[in-house]
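# A closer look at the structure
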Number of protein chains: 4
Amino acid sequence: MAIVLGPNRYGKAETRVVRVSRDGGVHRLKDLNVSVSLSGAMEDVHLTGDNAAVLPTDSQKNTVFAFAKKYGVGAVEEFGLLLARHFVDSQPTITHARVEIREYGWKRISGPHSFVRDGGEVRTALVHSDGTGGAESVVSGLADLVVLNTTGSEFHGFIEDEYTTLAPTDDRVLATEVTARWRHRDTAPGWEAEDWDASYLEARAALLAAFAETHSLSLQQTLYQMGRRVLAERAELCEVRMAMPNKHHFLVDLEPFGMDNDNEVYFAADRPYGLIEGAVLTDDAPGAPAAWS
Amino acid sequence: MAIVLGPNRYGKAETRVVRVSRDGGVHRLKDLNVSVSLSGAMEDVHLTGDNAAVLPTDSQKNTVFAFAKKYGVGAVEEFGLLLARHFVDSQPTITHARVEIREYGWKRISGPHSFVRDGGEVRTALVHSDGTGGAESVVSGLADLVVLNTTGSEFHGFIEDEYTTLAPTDDRVLATEVTARWRHRDTAPGWEAEDWDASYLEARAALLAAFAETHSLSLQQTLYQMGRRVLAERAELCEVRMAMPNKHHFLVDLEPFGMDNDNEVYFAADRPYGLIEGAVLTDDAPGAPAAWS
Amino acid sequence: MAIVLGPNRYGKAETRVVRVSRDGGVHRLKDLNVSVSLSGAMEDVHLTGDNAAVLPTDSQKNTVFAFAKKYGVGAVEEFGLLLARHFVDSQPTITHARVEIREYGWKRISGPHSFVRDGGEVRTALVHSDGTGGAESVVSGLADLVVLNTTGSEFHGFIEDEYTTLAPTDDRVLATEVTARWRHRDTAPGWEAEDWDASYLEARAALLAAFAETHSLSLQQTLYQMGRRVLAERAELCEVRMAMPNKHHFLVDLEPFGMDNDNEVYFAADRPYGLIEGAVLTDDAPGAPAAWS
Amino acid sequence: MAIVLGPNRYGKAETRVVRVSRDGGVHRLKDLNVSVSLSGAMEDVHLTGDNAAVLPTDSQKNTVFAFAKKYGVGAVEEFGLLLARHFVDSQPTITHARVEIREYGWKRISGPHSFVRDGGEVRTALVHSDGTGGAESVVSGLADLVVLNTTGSEFHGFIEDEYTTLAPTDDRVLATEVTARWRHRDTAPGWEAEDWDASYLEARAALLAAFAETHSLSLQQTLYQMGRRVLAERAELCEVRMAMPNKHHFLVDLEPFGMDNDNEVYFAADRPYGLIEGAVLTDDAPGAPAAWS
């Protein structure tokens, strides 16, 4: 029995780059958190500490900043592709790059150069590349999107085992914090930043619309409808993966105080919480397990 | 030398209450985090563990839920006053109540009962009351309001001691996460929820406008202008207190890569950060040190 | 092109159960955070909202509490196996269970029933089961173990591309926050709680010893040595996976103040950070990709 | 009515300095988070943006690093005094300095230069100084000390109002996360690092012993006993202030599953929580409200 090195990757995580651009006196702002992971001929560095194959993570960070200057930052997906291809194309020892980006939104306030942080959801991109011409994948997405329906949600007809005490309900609050990611069929050659942005905004709108419009018998049903809607509306996408915690809102028992509670007063609980995870895909979607990790 | 009990208070912190109300089929949503602290005749409970003067924190929590049902939740300031007065008025052993509320915002999505969390700033209220007819104070405010100017900020002319290496600049990014609180002259008898809401929204707008419009020579100057603007526009307020971290955005040195950086690419740093704290008040503001703690 | 349901799972996350047991007047304490995820015949619940196959997450939570009472909590691995097998064995619609546990440590203070939280690393377990007699895996581990060497770490001989500015060093601080997980060859039939505990403690000791004793030419080398040591010492284990952020400690430039800095004063940075991820395994380790997810 | 500047302060927060010192080949490690706040002649900077009175926060950060080199880091209290006095003594415009330090503990692992982070409580110091010879105060303390008694805690005899549903109990789990701070009678002239360390360790031990040994009828009683014990054992201290959340551990109702629950299985809740805050002091303690803020 010998001990051997298994899968590995390394890189610089969470480089916080802010890129300002100007159109005359009017400024634009992109605010990113970029994480790079590289893999390749890394036996030696693990086994003997020989760094000859290692591009320092510090250089990766510098590259993020330099590329933000050189190419600007259009859409996070294209910025991710640019970086990922660069690392593989320029370094013989690097055979694969993964770039994950989180983008924080800002809204304009009065004046041409003033902004307020849009504290809602974060836009995300996850890019894998074996280099120009090699295998690649692009996953767009969002995180921290908190949504709530005050009605239109039921839960009944479930299994009742010896540990079941939950009462069925035909009217409950349904709240969740959506993490959703969707895989593009290809890397969208020829797309400009505005194409990526439009695709993102419409996928997001589809998620919100499906959440609001689904009369829900279970959070799983809502999740499926949200994924289905994205794929039905966006032909460039082939798979959606979602994680949706059931942020429980428990109806408070007000009877001891002589009051009824006709779905008016809720306690918003922290833990534990239900957690629903699932994928929705088109039946012609090519397999791509590595695209998501 | 004897050992004695000093100032003390106790209560239930962070009761997360969500109140739904209906106008026909259209739902409204209030989402609060309520913290109650009571004080009074608490010698015995500390010295001997005799709880005869103690209203359990569990009962305080129940009261928050029951009041949300009974009175609804209009503005956080009036809900805080209602609760604070109740505890002092109803319990002989309680002579003072402090109620702190954080309100999370929600925006409507399509349909009458669907909402998305507005992840921006949190609205806050801090109420102190000695009971109906007694001394009272109301402090409104906000937290987590992140703002940024891409230009219009300078910093120079400062002291240079033996540990100073900072270069003066006449163009920098200015970013901060505003925590601001403003004290009302009185408890605004006769005000309805919409009056409190209007006061809040206009104070918030004044903060944002002053941040955007101030050509800043220091973050202190910006802070002062923000507070001044609130007081200039809102006669019902007499004091503003702010804490504003200087969220440093450092210009990245791109020279090693043969590039200039004309205020285009920044590194957003986490720690350390400058921290500017200050009060702005009208010269006729009555003293109220306890209003803020 | 049709839209179909892909892989999915659901369950109750983060049930916080504390189990007290007594040996005469001497109390023992186990403090767990248990997350259950189930999968199986879940087409209907996603497609139509029919919950006939769904064991409510609330029942899963109840089961965690009831099992803590009924069986006690010995080692987290066996408690996880017990729960996972129960869900699959008892519900025809459930074909697979995943149980993830985090255990918080407590140290005894004076007296038989008083404890102080050991704020160091968290012990973890991840169990997968297709039910009694079916495929199963057990991964033990730890998280939040922060370690630091003040010397004995070098970094040089790396690639220098056009974006490289990092200077090589032959003496730096090496600090990381270890997340390590190790896979057992089997589910260790016949093991008692003390066997699991001994295995855990010795794997942990091997990680610490290898970290301290490795003269490091790169964090990858340290990671590999840590994994190798665990496998060399524990025959019941076949694979170790680690994620180790390089918590950079930058030497402060004190020259402007007329001081040298002979590796004495460091700035501990937050972001960005290097991130090293890797697996070490025995060459006879059976493949088990699902064991880790 | 005019608008005027009120109390204000500014400084560099959260400078993360790590100081290594050597005794032959044996290394020692101090890991601090230092926050400086200065106040003085700051009218101009607020009103006009004139920075002539402002020592940049960047220089304050540099000073922390330079002093760590120049003087080493003995006890956090003396390092805080050193810094605070320096700023006031060296800058005519600065009349008051506040230095707050959090110290993270490390334990030695095998070998002379390897450490593991002690994830338990954080040691704290808060120093105020008007400069050498002026008014000064030193508050030592700790935060994040989580303690739990599995028995020896009762709660009954409390007020029962119309919103009270809590059942009295004569046996409950008592758990809290202690934040405690204690004020020294003076700045302890002549004390060395080991005196400060001994004072800290014995105050901490007194807190723990009193928590474990107090048969508690309310958390207030426990708090008072903890403070009293510190003052009874440490003559150099004159006041203790504590904030202790009641980390509720609710007994799980297992009756629906045919089980009793004789104080064996608890649910550890997050929110809401009780919050007990109080001061204990000697009757000869000089007033010092500013020492704590």
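Read on for a plain summary of the structure.

Definitions and cut-offs
Residues numbered from 1 in each chain as written. Chains lettered and ligands numbered in written order. Predicted model: local features only at pLDDT ≥ 70, side-chain atom pairs only at ≥ 80, totals over all residues. Heavy atoms only, no water. Contact = heavy atoms within 4.5 Å. Buried area = accessible area lost by both parts, 1.4 Å probe. Salt bridge = Lys/Arg side-chain N within 4 Å of Asp/Glu carboxyl O. Polar contact = N/O pair within 3.5 Å; in protein donor to acceptor, adjacent residues only side chain to side chain. Helix = DSSP H or I, 4+ residues; strand = E, 2+ residues; numbered from the N terminus. Nonpolar A, V, L, I, M, F, W, Y, C, P; charged D, E, K, R; others polar. Least-squares fit on C-alpha atoms with pLDDT ≥ 70 in both. Pairing = 2+ DSSP bridges. Buried < 20%, exposed > 50% of the residue type's maximum accessible area, 1.4 Å probe, protein only. Axes fitted to C-alpha atoms, helices over the stretch in contact; angles between N-to-C directions. Parallel < 35°, antiparallel > 145°, perpendicular 65-115°, else oblique. Left-handed = near helix turned anticlockwise from the far one by under 90°. Expected span 1.5 Å × (residues − 1). Phe/Tyr/Trp six-rings, centres within 6.5 Å; stacked < 30°, edge-to-face > 60°. Lys NZ or Arg CZ within 6 Å of the ring centre and 35° of its normal.

## A closer look at the interface of chain C and chain A
Contact with chain C, which involves 76 residues of that partner, is made by 76 residues of chain A. Interface area lost by chain C to chain A is led by Ile 3, Ile 159 and Tyr 163 of chain C, which between them contribute 12%. Applying the counting rule to chain C against chain A returns 4 salt bridges. Where Arg 271 of chain C meets Glu 14 of chain A, a salt bridge forms, and the shortest distance between an N and an O atom there is 2.8 Å. Connecting chain C to chain A are 40 residue pairs in polar contact (both at pLDDT 80 or more). Taken together, the elements giving at least two residues each to the side of chain C that touches chain A come down to β1 (3-13), β2 (15-23), β3 (26-40), α1 (43-47), α2 (57-71), α5 (219-233) and β11 (273-282) of chain C. If one sorts the elements of the side of chain C that touches chain A by residue count, β1 of chain C sits on top with 11 residues. Residue classes in the side of chain C that touches chain A are distributed as 34 nonpolar, 28 polar and 14 charged.

## Considerations on the relation of the copies chain C and chain A
The relation between the two chain copies is a rotation about an axis coupled with a shift along that axis. With an RMSD of 0.0 Å, chain C superimposes on chain A once it is rotated by 180° and translated 0.0 Å along the axis. When the rotation and shift are considered jointly, the pair of chain copies conforms to a two-fold rotation axis. For chain C, the smallest separation between a C-alpha atom and the rotation axis is recorded for Ser 293 of chain C, amounting to 5.1 Å. A symmetric contact is evident, with 100% of the interface residues of chain C recurring at the interface of chain A.

## Considering the interface of chain D and chain C
In this assembly, 49 residues from chain D lie in contact with 49 residues from chain C. Between chain D and chain C lies a buried interface of about 4,400 Å² when both sides are counted; carbon and sulfur atoms form 62% of it. Its largest share of buried area at the contact with chain C, chain D owes to Lys 69, Thr 150 and Glu 264 of chain D, together 14% of the area lost on that side. Across the chain D-chain C interface, the total number found is 6 salt bridges. For Asp 260 of chain D, the salt bridge goes to Lys 69 of chain C, with nearest N and O atoms at 3.2 Å. At the surface where chain D touches chain C, the tally comes to 22 residue pairs in polar contact (both at pLDDT 80 or more). Sorting the residues of the side of chain D that touches chain C by element identifies β2 (15-23), β3 (26-40), α2 (57-71), β5 (114-129), β6 (136-149), α4 (193-213) and β10 (265-268) of chain D as the ones contributing at least two each. Each residue belonging to the side of chain D that touches chain C can be placed in one class, and the counts come to 27 nonpolar, 12 polar and 10 charged. The pairing of β2 of chain C with β10 of chain D spans 3 bridges and is classified as antiparallel.

## Quick word on the pattern of salt bridges
Here the structure, examined in full by the defined rule, presents 90 salt bridges over all chains. For Arg 183 of chain A, the salt bridge goes to Glu 239 of chain A, with nearest N and O atoms at 2.7 Å. Remark: Glu 239 of chain A occurs in strand β8 (residues 237-246) and Arg 183 of chain A occurs in strand β7 (residues 174-184); sequence separation between them is 56 residues. For Arg 183 of chain A, a relative accessible area of 4% translates into the label buried. Salt bridges linked by common partners bring Arg 19 and Lys 69 of chain A together with Asp 260 and Glu 264 of chain B together as one network.

## So, the relation of the copies chain D and chain C
Once chain D has been moved 0.0 Å along the axis and rotated by 180°, it coincides with chain C to within an RMSD of 0.0 Å. In this assembly the copies share their binding face: 100% of the residues contributing to the interface of chain D also contribute to that of chain C.

## Considerations on the environment of Pro 189 of chain D
All names here are of chain D. Within the fold, Pro 189 resides in the loop between β7 (174-184) and α4. Owing to a relative accessible area of 68%, Pro 189 belongs among the exposed residues under this scheme. Along the chain, Pro 189 and Glu 78 lie 111 residues apart, while their C-alpha atoms are 9.9 Å from each other.

## Let's talk about the packing of α2 of chain D against helix α3 (residues 76-90) of chain D
All names here are of chain D. Where α2 contacts α3, the axes come no closer than 11 Å and their chain directions differ by 125°. The angle between α2 and α3 places the two elements in the oblique class. Read as a crossing pair, α2 and α3 show a hand that is right-handed. Contact residues: Gln 60, Thr 63, Val 64, Phe 67, Ala 68 and Tyr 71 in α2; Phe 79, Leu 82, Leu 83, His 86 and Phe 87 in α3.

## Observations regarding helix α3 (residues 76-90) of chain A
Residues and elements named next belong to chain A. Its 15 residues place the ends of α3 21 Å apart at the C-alpha level, agreeing with the 21 Å of an ideal helix rising 1.5 Å per residue. For α3, the full list of buried residues reads Val 76, Glu 77, Phe 79, Gly 80, Leu 81, Leu 83, Ala 84, His 86, Phe 87 and Val 88. Tucked inside the fold, the buried residues of α3 contact β3 (26-40), α2 (57-71), β4 (94-108), β5 (114-129), β6 (136-149) and α4 (193-213).

## Here we look at the packing of aromatic side chains
In this structure the tally under the stated criterion is 28 aromatic pairs over all chains. The ring of Trp 106 of chain C carries the charged tip of Arg 117 of chain C above its face, separated from the ring centre by 6.0 Å.

## What about the pairing of strand β10 (residues 265-268) of chain C?
Sheet topology places strand β9 (residues 249-251) of chain C next to β10 of chain C; 3 bridges connect them, and they run antiparallel. In the sheet register, Phe 250 of chain C faces β10 of chain C, and the bridge partner there is Phe 267 of chain C.

## Concerning the environment of Arg 181 of chain D
Residues and elements named next belong to chain D. By the secondary structure assignment, Arg 181 is in strand β7. As a C-alpha pair, Arg 181 and Ala 135 span 46 residues in sequence and 19 Å in three-dimensional space. In this structure Arg 181 touches Leu 126, Val 139, Ser 140, Gly 141, Glu 239, Val 240, Arg 241 and Trp 292, once residues within four positions along its chain are discounted. At 3.1 Å, the side chain of Arg 181 forms a polar contact with the backbone oxygen of Trp 292.

## A few points about the environment of His 215 of chain C
Residues and elements named next belong to chain C. Relative to the helices and strands, His 215 resides in the loop between α4 (193-213) and α5. Placed 62 residues apart in sequence, His 215 and Ser 153 show a C-alpha to C-alpha distance of 6.0 Å. Sequence-distant contacts of His 215, that is, excluding residues within four places in its chain, are made with Gly 152, Glu 154 and Gln 221. Within the local environment of His 215, its side chain forms a polar contact with the side chain of Glu 154, the two groups lying 2.7 Å apart.

None of the figures reported here should be taken as evidence of function without further support.
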